[in-house]
Each structure stands twice: as C-alpha cells, then as structure tokens.
Amino acid sequence: MTSKLEVFFDSDVIISSIISNKGAAHLLLNSSAISPNASDIQQQELFIVANRLDLNLGRLNNLIKDKFRIMKIKIFNPEIKKSYLKYVLDPNDAHIVAGIATAKPSFFVSYNLRHFKIDKIKTDFKAISLTPAQLLQYLRLRRDIA
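Residues numbered from 1 in each chain as written. Predicted model: local features only at pLDDT ≥ 70, side-chain atom pairs only at ≥ 80, totals over all residues. Heavy atoms only, no water.

Remarks on the overall build of the chain
A count of helices and strands for the chain gives 8 helices and 5 strands. For the chain, the N- to C-terminal ordering of α and β elements is β-α-α-β-α-α-β-α-α-β-α-β-α. A compact globule built from 146 residues would reach a C-alpha radius of gyration of about 15 Å, and the chain, at 14 Å, matches this within 12%. Split into buried and exposed, the 146 residues of the chain put 47% on the buried side. Pairs at least 24 apart in sequence give 69% of the contacts found in the chain among residues at least 6 apart. Put simply, the chain shows about 7,900 Å² of open surface, and 53% of that area lies on carbon and sulfur atoms. (Helix = DSSP H or I, 4+ residues; strand = E, 2+ residues; numbered from the N terminus. Rg over C-alpha atoms; globule rule 2.2 N^0.38 Å. Buried < 20%, exposed > 50% of the residue type's maximum accessible area, 1.4 Å probe, protein only. Contact = heavy atoms within 4.5 Å. Areas by Shrake-Rupley, 256 points an atom, 1.4 Å probe, with all protein chains shown as cover.)

Laid out in structure tokens, this is it:
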C-alpha cells in the first residue's frame, strides 16, 4: 500500500458518516489509506448540526478524536469570509476553504462541490476536489480499499 492520503473533509461528509455506516463517507473515514483533516471551526459546527439532527454526539466525538487531525484556523470569521470568499458561492462555506488552506491536503471531499470554485481551489491550494464516491473509486483503483 502507498502512503496515506491527506484529505480535508467537508462537514456534510462527516455528518453523513455518522448517519449511516453503509455509505461512501463512512468507508472513507474508516479507511486506513486516508489521513482525515477538519478545522476547529468545523468541529464546533459539526456538534451544532449533530445535536440539531439528534445524532449520537458520543459517536461524533469519538470519530473526531480518533480519526481526525484538527486544523486551528488562525484568523477570525470576518477575515475568513473576506479572505476566502473568492473560493465559494456561499460565504458561510468560506471557513472550509480556510481549513483547506491550513491543512494543505491532496484532496478535498464534499457532497456539495457545486458550492465551491473547485478549479480555483485546485490552482491555489493544490487540492483536488472530489465527492466521496469519486475518492472511493480512486482508492479502489490504487487498491487501497476493497
């Protein structure tokens, strides 16, 4: 097997992996081929969303604690939106791109790629944007996952 892939996950993928243990998100987050990354801002957001959806907060906490490298975003929300607005269609997603800029992953994974300017993210941060199914297929081609 080759080295682990650094992957920055959008919050929707992380929440999806808590909702179902059968989908691509769950398989990716439990793959030994991936080093998952998220941001401290996302971590707060994830618990708010999980609570609102009445998901298992302990399961979410364990997933984050056991699997993720949490990136500390060193700028605050108004500056994040200003600095990363050019990469998103929704200003509320700017913090995700701040996380990508901090983590410097090979891949960014989201179910909502249409919310992001993926060509600009690839050019400026060298991160390839994929859906969970696309990354899963890539791992299968590399024979990193069955």
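A word on helix α6 (residues 94-103)
In terms of burial, α6 is largely enclosed, as 9 of its 10 residues are buried. Two residues or fewer past α6, Lys104 is found with a positive phi of approximately 55°.

Some thoughts on the pattern of salt bridges
A full pass over the atoms with the stated rule returns 3 salt bridges. Two residues, Asp40 and Lys72, come together in a salt bridge whose shortest N-O distance is 3.4 Å. A residue pair is termed long-range when its members are at least 10 positions apart, and Asp40 in helix α3 (residues 40-52) and Lys72 in the loop between β3 (69-71) and α5 (77-84) qualify at 32 residues. With relative accessibility at 16%, the residue Asp40 sits in the buried group. Looking at Lys72, the relative accessible area reads 53%, which means it is exposed. (Salt bridge = Lys/Arg side-chain N within 4 Å of Asp/Glu carboxyl O.)

Regarding the sheet that holds strand β1 (residues 5-9)
With parallel pairing, 5 strands are arranged side by side in an open sheet as β3-β2-β1-β4-β5. The strands lining the two open edges of the sheet, one partner per strand, are β3 and β5 (128-130). On average, adjacent strands in this sheet sit at an angle of 30° to one another, irrespective of strand direction. Relative to β3, strand β2 (residues 34-39) runs parallel, the two being bridged by 3 bridges. Its bridge partner being in β3, Asn37 is matched across the sheet by Arg69. Sheet strands in contact with α3 are β1, β2 and β3, and its direction is about 80° off that of β2. (Pairing = 2+ DSSP bridges. Axes fitted to C-alpha atoms, helices over the stretch in contact; angles between N-to-C directions.)

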